[in-house]
Structure formats: structure tokens, C-alpha cells
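# Architecture and fold: a report
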Amino acid sequence: MAEFVPMEMDAAKEFLKKNHWGVLATRRKNGQLQMSPITVGLDSEGHAIISRRETAYKVNNLRRDPRAAVCAFTNSFHGGGWVQVNGSAKIISLPHALDTLVYLQRQAYGEHKSWSEFRERMVREKRVIICITIENVGPAVRG
């Protein structure tokens, strides 16, 4: 059996650059967890980035309590690897979010067939970026 090596910050960030499926955990008003499937990426400054609508519950949760956790995993899910990143989130609204929305689209899905159409849709859908400053990563132990 191979020896378990805890996840390091740089390795976790590298993982997020290449693996974009995940689950975001935030806290509701009553303290209970809310989890949502997401597409996650990593910006050029090392923050986890997620696109959501301005009115989404998770956005409201993070405005009230910025603590966030993301579990990201490979496309194959089972046996392909995963990472958890934890940190403090800030919400970036339009128009400031637009460049990062384009960046995330390129990283997770590649080039869009029409960038003007993409930008119009982001405005129409009132998209924001959830930007998480990664404070710690895991898994730290295995068992």
C-alpha cells in the first residue's frame, strides 16, 4: 500500500486549475450547512473562483458569513482524486466580475463560440464571481 501524503497548498491549487467539478458548502442563517454542485477554477492570483447568480442562496449566505469550503474532484469522481479548500469568500458583482467570468469559462470549458453572446448572457443572468481566498487545504489525514 502506498504511503499517504497530505495535500499541500500548491498541489491543491494545481488540482483546481485542471479539475472543475465540485461542491460548495456555505452556512445558512440558522448555521446549518448548504451544499451546492458547482464549477470551480483558480484565478491568476491563486483564489478559487465560482460563477453564480447574484440572487443565489449561496451568494446571500456568503455575504452574511464568508466562510466557504469547496470539495473539488476529477471527472471520474471515484478513484480520480479530490481536494478540499477552505477559506474566506468575497462576492464580485458586475461589471467587475466580467473578466473573471471569461477567465473561468476559458479554464473550465475552453473558448466560447461567441464572447459577445457570453458577456450578454452573464449580464442578463446577473452573474457574480465567488472569490475564495484559500486558507487551508486537505485531505490532511486519510482513514
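Coordinates for the structure precede this section.
Residues numbered from 1 in each chain as written. Predicted model: local features only at pLDDT ≥ 70, side-chain atom pairs only at ≥ 80, totals over all residues. Heavy atoms only, no water.

### Some points on the packing of aromatic side chains
The geometry of an aromatic ring pair is captured by two quantities: the separation of the ring centres and the angle between the planes. If you walk through the whole model with that rule in mind, you get two aromatic pairs. The interplanar angle of 80° and the centroid separation of 5.3 Å between the aromatic rings of Trp115 and Phe118 together place this pair among those described as edge-to-face. Taken as a pair, Trp115 and Phe118 lie in helix H4 (residues 115–124) at a separation of three residues, close to a single helical turn. Here the two residues Trp115 and Phe118 agree in accessibility, since each one is buried. (Phe/Tyr/Trp six-rings, centres within 6.5 Å; stacked < 30°, edge-to-face > 60°. Helix = DSSP H or I, 4+ residues; strand = E, 2+ residues; numbered from the N terminus. Buried < 20%, exposed > 50% of the residue type's maximum accessible area, 1.4 Å probe, protein only.)

### Concerning helix H1 (residues 9–18)
Listed in full, the buried residues belonging to H1 are Ala12, Phe15 and Leu16. Down the axis, H1 shows its buried residues gathered within 100° of arc, on one side only. Seen from the open side of H1, the exposed residues pointing more than 90 degrees away from its buried face are Asp10 and Lys18. For H1, the secondary structure elements touched by its buried residues are strand E2 (33–42), strand E3 (48–53), strand E4 (67–73), strand E5 (82–92), helix H3 (98–109) and strand E6 (127–138). (Arc of directions from axis to C-beta. Contact = heavy atoms within 4.5 Å.)

### Focus: the environment of Arg67
Tracing the sequence through the fold places Arg67 in strand E4. Looking at Arg67, its side chain comes within polar contact range of the side chain of Asp65, at 2.7 Å. (Polar contact = N/O pair within 3.5 Å; in protein donor to acceptor, adjacent residues only side chain to side chain.)

### Quick notes on the packing of H3 against H4
Contact geometry for H3 and H4: axes closest at 11 Å, N-to-C directions at 120°. Classed by the angle they form, the pair H3 and H4 counts as oblique. Taken as a pair, H3 and H4 cross one another with a handedness that is right-handed. Residues Leu98, Leu101, Val102, Gln105 and Arg106 of H3 form the contact with H4, whose own contacting residues are Trp115, Phe118, Arg119 and Met122. Tallied by class, residues from the contact of H3 with H4 come to six nonpolar, one polar and two charged. (Axes fitted to C-alpha atoms, helices over the stretch in contact; angles between N-to-C directions. Parallel < 35°, antiparallel > 145°, perpendicular 65-115°, else oblique. Left-handed = near helix turned anticlockwise from the far one by under 90°. Nonpolar A, V, L, I, M, F, W, Y, C, P; charged D, E, K, R; others polar.)

### A short note on the sheet that holds E5
On the basis of which strands lie adjacent, the closed barrel formed by six strands has the order E1-E2-E3-E6-E5-E4 and antiparallel pairing. For this sheet, the mean angle separating the axes of adjacent strands, direction not counted, is 40°. Bridging between E4 and E5 involves seven bridges; their strand directions are antiparallel. Bridge pairing in E5 places Ala68 opposite Gly87. (Pairing = 2+ DSSP bridges.)

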